[in-house]
Amino acid sequence: MDESIGTPVTVGTGTRPPVTDTPAHGSGGQPSRYAVVAIPLALLGWSIALVPPLAVTIALRLRELDLAGSAGNLGLVLGVGAFFSFITNPLAGRLSDRTMSRHGMRKPWILAGALIGYAGVAIIAYAPAVLFVLVGWSVAQVGLNFALAALIAMLPDQVEPRRRGRVASFISLAQNVGGVGATFLVQLFSIGTLQVLIPSLFGVVLMLGAVAPIKDRVRTERPAERLDVRALFGSFVFNPRRFPDLGWAWLTRFFLNTTQFTATSYLTYFLIENLDVSDAEAPTMVFQAVLANAVGLLLVTPVLGWLSDKVGRRKPFVITSSLIATAGLALIAVSTSIPLLLLGQLILGAGTGAFFAVELALLADVLPNEETAGKDLGVANLAQSLPQSIIPVAAPGIIGAFGYPGLFLGGALFGLLGAVSVTRVRKVR
């Protein structure tokens with residue numbers, strides 16, 4: 001994994017950029033044990049910063065500001081915010097690939113992104129109108145996605161291929177357990193400003209504290225490619241004909257994230273409108289649902305990440321996870337009580353946990369060139385942000401025509417598509 005100053009090293013199909021011999025790697029070229037722990041811990045903090053507004057507090061703020069139009073406004077706010085996420089992530093990955101700061105390629109963007117993201121959360125907390133919630137969430141998405149792109153790019157930077165399945169499972173576990181921690185913190189506060197501000201602040205502090213001691217890679221030579229308009233637009237694409245494995249892995253990630261996000265985006269309103277939960281009780285019920293999801297995830301993710309590395313296979317785990325996640329979301333769709341909803345969340349968590357245990361390792365394994373790892377993983381992250389753009393736009397119409405069961409069953413179908421698409425990846429077994 002390591003290299004001498006100014007000497008690119010061939011890895012797979014490409015080369016890594018000239019970097020210093022960072023202390024994050026031992027003198028023998030082995031990855032830092034601290035980085036293996038710190039990256040998941042930082043992503044735990046990132047998740048705690050993001051989830052409270054995404055899952056709970058934006059929905060409640062919109063009901064405070066405009067009760068009658070809250071469902072449509074939620075779709076607008078989440079959709080526009082996800083659009084900014086869509087734009088930001090690959091750009092942030094490409095910029096971090098090119099960064100020549102003495103502090104490293106990734107850490108400056110993590111710091112700046114975290115601060116900008118929290119500024120957006122603060123705007124939401126004090127928003128006097130729906131428009132300010134929209135602006136705040138857009139700012140938060142820009143900042144937090146800058147941080148996310150740089151954090152994810154640290155995986156191929158800091159972790160050798162044979163250990164990526166394990167670390168990827170820890171990352172996925174951290175992000176999803178972060179949802180539990182975030183919703184737990186939210187329900188400790190009554191509806192108001194502190195409910196918006198404190199949980200996300202805790203997440204930002206944890207993220208920055210975990211990353212601070214990592215010895216980041218330092219680029220010592222300017223990239224050969226100019227950062228012009230064409231290159232910027234290129235940040236959003238890759239050639240699926242030239243790199244078909246990355247294309248199918250991208251599509252699989254899109255399908256499974258659509259299934260997962262469908263289960264969470266309108267959960268607060270589903271509880272209020274279909275299961276007769278009050279606004280005041282909703283944060284606690286969301287916490288219980290997220291906790292049930294996390295229990296399912298905790299039961300399978302660490303074991304399957306390790307097992308995937310052990311047997312050298314990724315695809316069987318993705319196929320199985322897709323089928324389990326589909327069953328879980330289908331059960332949520334027909335839920336008529338809280339216990340049935342929680343059971344569906346438990347099953348969905350087991351399915352998505354099995355997927356997230358290996359999907360990041362799958363992506364890292366099919367990267368065409370480690371010199372552009374940040375950019376390519378940023379494009380891969382579009383498969384995570386696109387569902388957040390599409391579902392809020394489509395959901396109000398689907399709910400109006402078919403109710404919440406129609407929305408959730410539609411999301412379940414994408415899980416089946418994920419099971420099919422991963423079979424087309426050739427490079428990884």
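The shown structure was predicted, so the numbers you read here are calculated from the model rather than taken from an experiment.

**Overview of the overall build of the chain**
Logical step 1: Looking only at helices and strands, one finds 14 helices and 2 strands in the chain.
Logical step 2: The buried share among the 429 residues of the chain stands at 59%.
Logical step 3: Across the chain, contacts joining residues at least 24 apart in sequence account for 83% of those joining residues at least 6 apart.
Logical step 4: For the chain, the accessible area works out to roughly 16100 Å², and carbon and sulfur atoms hold 67% of it.

**Comments concerning the packing of aromatic side chains**
Logical step 1: As enumerated under the stated definition, the model contains 11 aromatic pairs in all.
Logical step 2: Look at Phe255 and Phe414: their rings are 6.1 Å apart centre to centre, the planes differ by 40 degrees, and that puts the pair in the tilted class. Here Phe414 lies in helix α14 (residues 373–421) and Phe255 lies in helix α8 (residues 244–265), a separation of 159 residues in the sequence.
Logical step 3: On the accessibility criterion, Phe255 (11% relative accessible area) is buried.
Logical step 4: Ring pairs connect the aromatic residues Trp250, Phe254, Phe255 and Phe414, which therefore count as one cluster.

**Concerning the side chain of Thr57**
Logical step 1: Residue placement: Thr57 occurs in helix α1 (residues 33–65).
Logical step 2: With near-sequence residues (within four places) excluded, Thr57 lies in contact with Pro52, Val186, Gln195 and Val196.

**So, the pattern of salt bridges**
Logical step 1: In the structure shown here, the tally under the stated rule is 3 salt bridges.
Logical step 2: In this structure, Arg61 and Glu64 form a salt bridge, with 3.1 Å as the shortest nitrogen-oxygen distance. Taken together, the residues span about one helical turn, with Arg61 and Glu64 both in helix α1 at a distance of 3 residues.
Logical step 3: In this structure, Asp97 engages Arg106 in a salt bridge whose closest nitrogen and oxygen atoms are separated by 3.0 Å.

**Brief notes about the confidence of the model for the chain**
Logical step 1: Mean pLDDT for the chain: 80, with 81% of residues reaching 70 or above.
Logical step 2: The low-confidence segment residues 1–30 (pLDDT under 50) makes 85 contacts with residues lying over four places distant or belonging to another chain.

**Regarding a nonpolar patch on the surface**
Logical step 1: Taken together, the side chains of Ile123, Leu131, Phe132 and Val135 make up a nonpolar region of the molecular surface, amounting to roughly 330 Å² of accessible area.
Logical step 2: It is helix α4 (residues 130–158) that provides the largest number of residues to the nonpolar patch, a total of 3 residues.
Logical step 3: Structurally, Phe132 can be placed in helix α4.
Logical step 4: When its relative accessible area of 40% is taken as the criterion, Phe132 is described as partly exposed.

**A short note on the nonpolar core**
Logical step 1: The biggest cluster of nonpolar side chains holds 105 residues, and the ones touching the most others in it are Trp46, Ile58 and Trp137.
Logical step 2: With 18 residues, the single largest contributor to this core is α1.
Logical step 3: Not counting the four nearest positions on each side in its chain, Trp46 is found in contact with Leu144, Ala147, Leu148, Leu151, Gln175, Gly203 and Met207.

Quick notes on the rules
Residues numbered from 1 in each chain as written. Predicted model: local features only at pLDDT ≥ 70, side-chain atom pairs only at ≥ 80, totals over all residues. Heavy atoms only, no water. Helix = DSSP H or I, 4+ residues; strand = E, 2+ residues; numbered from the N terminus. Buried < 20%, exposed > 50% of the residue type's maximum accessible area, 1.4 Å probe, protein only. Contact = heavy atoms within 4.5 Å. Areas by Shrake-Rupley, 256 points an atom, 1.4 Å probe, with all protein chains shown as cover. Phe/Tyr/Trp six-rings, centres within 6.5 Å; stacked < 30°, edge-to-face > 60°. Salt bridge = Lys/Arg side-chain N within 4 Å of Asp/Glu carboxyl O. pLDDT = per-residue confidence, 0-100. Patch = residues over 30% accessible without salt bridge, like charges linked within 9 Å, V, L, I, M, F, W, Y side chains within 5 Å. Core = buried A, V, L, I, M, F, W, Y, C linked by side-chain atoms within 4.5 Å.

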